[in-house]
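Read off the chains here:
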Amino acid sequence: MMRMTGAQALLEGFKREGVEVIFGYPGGALLPISDALYHEQEIRHILVRHEQAAAHAADGYARATGKVGVCLATSGPGATNLVTGIATAYMDSIPLVAVTGQVVTAAIGRDSFQEADITGITMPITKHNYLVKDVRELPRVIKEAFYIASTGRRGPVLIDLPRDVAQAELDFEYPDKVELRGYQPQAKGHPLQVKKAAALIAGAERPVIIAGGGVVASEAADELAKFAELINTPVTATLMGKGVFPERNGLSLGMPGMHGTAYSNYALNGADVIIAAGMRFDDRVTGKLETFAPNAKFIHIDIDPAEIGKSVPPAVPIVGDVKLVLQALMKRLDQQDHSPWLAQIQEWKERYPLSYKGDGLKPQMIVEEIHKITGGDAIITTEVGQNQMWAAQFYPCQRPRRFLSSGGLGTMGYGFPAAIGAQVAFPDAVVWDIAGDGSIQMNIQELATAVANKLAVKVAILNNCYLGMVRQWQELFFGGRYSCVDVSCGMPNFVTLAEAYGAVGIRVEQEQEVRPALRKAMRVRDRPCLIDFRINREENVMPMVPAGGSIDQMMID
Amino acid sequence: MRHTISVLVENQPGVLARCAGLFARRGFNIESLAVSTTEAPQTSRMTIVVEGPEWVLEQISKQLYKLRDVIKVLDHTGDPVVSRELALIKVKAHPDARNEIMQVAAIFRSNIVDVAADTLIIEATGNEEKISALENLLAKHGIVEMVRTGKVVLVRGAKQT
């Protein structure tokens, strides 16, 4: 038991939780913590250039490693700048602990300088949050925060720490365990439900597995692969589950939903049994719920009981950790054969492959080339919009935790700081952010963070001088009335912009320049690299299920 | 359909705000909410009357359970319960109407707790139907103001929640 300040206790608690890196930005309310960091040898503080980037970087770090990501911001505007990043993590169930400084306890509730009710503001977007008024509570709060963030359905937890509490002293003692009456995540699936599911699967003729982010969180890729092979069933992985089933495997259907492969949507539509593992039937996947998979009975496996029955009525609900449930299921199942169904799917694959046509610099080709030069094994982050969809479609992944994309909230500006977080986690990995010209400018200042920390993140800007996804909708559904989407005026020269920060910038205007540019980017090992790819302005993402549409009625091109 | 649920929660700052916020953003319609401490000092009890179909109630319960501070959610639909609320009703009471009003109050075993020149305040406890019936009978005299606490509920018999 040692006597120390709250700030020191915070860092000590972090160490007990295995934290090695925090992403942060200082401020008045954080001064005691910044001071404690001055002498800190074990925990690395990465200074970002906008608090939003701290949250996204911690998020990217968490998705890439499976550990809890930690970010730090000061009170008031520092804390509110974290909100988008916290909401992003909340929607995608990513384990995050956000610590915000707060004004001194006597000043709370008095509209003080740089005061914000961040616990009130983040209540709907955190699993739980804490305002620590007594420094003696801090060790328990830290332990609880990490426990809640990293168990059950993962998610962000916020700790608001007033400056005087951070300066106050305590005798530090870290609790051994945490027992919460109101929070007891369920891990094992109910054996009776597992038995029912096995029976349903054994009798299925056209089964499909949909795997989502829950399989990633559960680290159940191996179990999923064995399970799919055992029951000879095709697997479609949502955006959040990309890589959880090797996309080069013959049973892989790619991604389902609004911009998914046509054959995955046809398969879902024709299925008689759908096994939903760690996915939540988001509207981007299902399209119109009333006509979604009309002939299928659902087996819904999820760790969050609230998801079960929320969107789709399951014939067999199983609350539990996907890894454990799949293991239990496999014990009750024999090798199956669904050759006729797989032959039908193969026919759909051949008739409706993902494709693109036409001349000029094609974004789909660029993503394919990045896939080639990285051996399909890079860590890919994306921004949001057309760039995100092309990346999801044309960069097949073989492993989980390699494709980091803001799925639920769809946050532009996520990809670059998330790539920084992933690169910090894996300094020797190749990390690419697939971006759009709109998105990349939302956290462009993080070029400084990458340069300062020698992070060789590569950014492929698929530049069409438009806010592309919105423009696409305006073309298809609003009579081509392009409103508020033309960003060609004021478009920076990304080469000189990159160089202004001390990074490498490359411009590509023609097909034949793509490979040399990628090779050059891959050779840059000590600083970030931006490539400005000048693609066709009016390229569309296809296939597409229009909003409110049925997934079996796709626009193919 | 109206449902009554009891929610046992940790007696911590912000719990009420958390639960109310959850209801608001999920679009659950709260008709009444009563909250206080219980026989166990660490635990508070909220009694909530909610309007909505069956599946909404299931979602409410499951979403509440996700909160760290929620310990137990009890749906009282079909339970044998004792259900009470308290109302204070300030009614116009001119001397000629006063007798009738006092009779009504007596019939409902309620108390007159304030007398003024033109008004009376009646304090009534009972289940929802009783309070509503009293309110309806007094309405014709003119209700100046009234306040109801919202339902509180305990399950009958030895069954402890």
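Residues numbered from 1 in each chain as written. Chains lettered and ligands numbered in written order. Predicted model: local features only at pLDDT ≥ 70, side-chain atom pairs only at ≥ 80, totals over all residues.

Q: Would you explain the overall build of chain B in this entry?
A: If you tally the helices and strands in chain B, you get 4 helices and 9 strands. For chain B, the α and β elements follow one another from N to C terminus as β-α-β-β-α-β-β-α-β-β-α-β-β. Reported as C-alpha extents along the three principal axes, the dimensions of chain B are approximately 55 × 35 × 30 Å. Going through the 161 residues of chain B one by one, you find that 24% of them count as buried. (Helix = DSSP H or I, 4+ residues; strand = E, 2+ residues; numbered from the N terminus. Buried ≥ 20, exposed ≤ 12 C-beta atoms within 10 Å, placed from the backbone.)

Q: What should I look at first to understand the overall build of chain A in this one?
A: From N to C terminus, chain A includes 23 helices and 19 strands. A globule of 557 residues ought to have a C-alpha radius of gyration of about 24 Å, and chain A, at 24 Å, matches this closely. Projecting the C-alpha coordinates of chain A onto the three principal axes gives extents of approximately 70 × 60 × 40 Å. Within chain A, buried positions represent 57% of all 557 residues. For chain A, contacts bridging at least 24 residues in sequence account for 77% of all contacts bridging at least 6. (Rg over C-alpha atoms; globule rule 2.2 N^0.38 Å. Contact = placed C-beta atoms within 7 Å.)

Q: Help me understand the sheet that holds strand β2 (residues 29-37) of chain B, please; the structure alone is not making it clear to me.
A: Neighbouring strands of a sheet are bound in pairs by backbone hydrogen bonds; such pairs are parallel or else antiparallel. Residue and element names in this part refer to chain B. Here 4 strands make up an open sheet; going across it, the order is β2-β3-β1-β4 and the pairing antiparallel. Across the chains shown, the open sheet's two edge strands, defined by having one partner strand only, are β2 and β4 (70-75). Between one strand axis and the next, the sheet turns by 20° as a mean value, whatever way the strands run. The sheet contact formed by strand β1 (residues 2-10) and β4 spans 5 bridges and is antiparallel. Residue pairing in the sheet places V7 in a bridge with V73 of β4. (Pairing = 2+ DSSP bridges. Axes fitted to C-alpha atoms, helices over the stretch in contact; angles between N-to-C directions.)

Q: Any chance you could explain the interface of chain A and chain B here in plain terms?
A: Much of the literature gives interface size as the accessible area that the parts lose upon coming together. Listed by partner, the interface residues are 12 residues for chain A and 15 residues for chain B. When grouped by side-chain class, the residues that make up the side of chain A that touches chain B number 7 nonpolar, 3 polar and 2 charged. (Nonpolar A, V, L, I, M, F, W, Y, C, P; charged D, E, K, R; others polar.)

Q: What should I look at first to understand the domain arrangement of chain B in this one?
A: All names here are of chain B. Here chain B is partitioned into domain 1 (2-75) and domain 2 (82-153). For domain 1 and domain 2, the distance between their C-alpha centroids amounts to 29 Å. On the domain 2 side, the residues contacting the 7 residues of domain 1 number 5 residues. Going through the elements one at a time, β1, β2 and β3 (43-51) are the ones with two or more residues in the side of domain 1 that touches domain 2. (Domains from an automatic or database assignment.)

Q: Looking at this structure, I do not really get helix α12 (residues 262-270) of chain A. What am I missing?
A: The α-helix winds at 3.6 residues per turn, so residues separated by three or four positions along the chain end up facing the same way. Residue and element names in this part refer to chain A. Most of α12 sits inside the fold, with 7 of its 9 residues counted as buried. Taken residue by residue, α12 has A262, Y263, S264, N265, Y266, A267 and L268 as its buried positions. Buried residues along α12 sit against β9 (207-211), β10 (235-237), β11 (273-277) and α15 (339-351).

Q: Sorry, what's going on with the sheet that holds strand β18 (residues 504-508) of chain A here?
A: Residues and elements named next belong to chain A. One open sheet accounts for 6 strands, arranged β15-β14-β16-β17-β19-β18; its pairing is parallel. Sheet topology places β15 (403-404) and β18 at the edges, where each strand pairs with a single neighbour. The pairing of strand β17 (residues 458-463) with strand β19 (residues 529-534) spans 6 bridges and is parallel. From the neighbouring strand, K458 faces β19, where its bridge partner is C529.

Q: Explain the domain arrangement of chain A here, please?
A: Residue and element names in this part refer to chain A. When cut into domains, chain A gives domain 1 (2-172), domain 2 (191-351) and domain 3 (363-534). Computed from C-alpha atoms alone, the centre-to-centre distance between domain 2 and domain 3 is 31 Å. Counting from both sides, the interface comprises 12 residues of domain 2 and, opposite them, 13 residues of domain 3. A class-by-class count of the residues in the side of domain 2 that touches domain 3 yields 7 nonpolar, 2 polar and 3 charged.

Q: So what exactly am I meant to see when it comes to unusual backbone geometry here?
A: One can expect most non-glycine residues to show negative phi and most peptide bonds to be in trans. Residue and element names in this part refer to chain A. The omega torsion across M542 and P543 is 0°, close enough to zero to call that bond cis. Mapping P543 onto the fold places it in the segment after β19. Phi at C465 is positive, roughly 55°, even though this residue is not glycine. Within the secondary structure layout, C465 lies in the loop between β17 and α21 (468-477). What makes C465 partly exposed here is the crowd of 17 C-beta atoms within 10 Å. The phi angle at C484 is positive, at roughly 60°, despite the residue not being glycine. Structurally, C484 is set in the loop between α21 and α22 (494-500).

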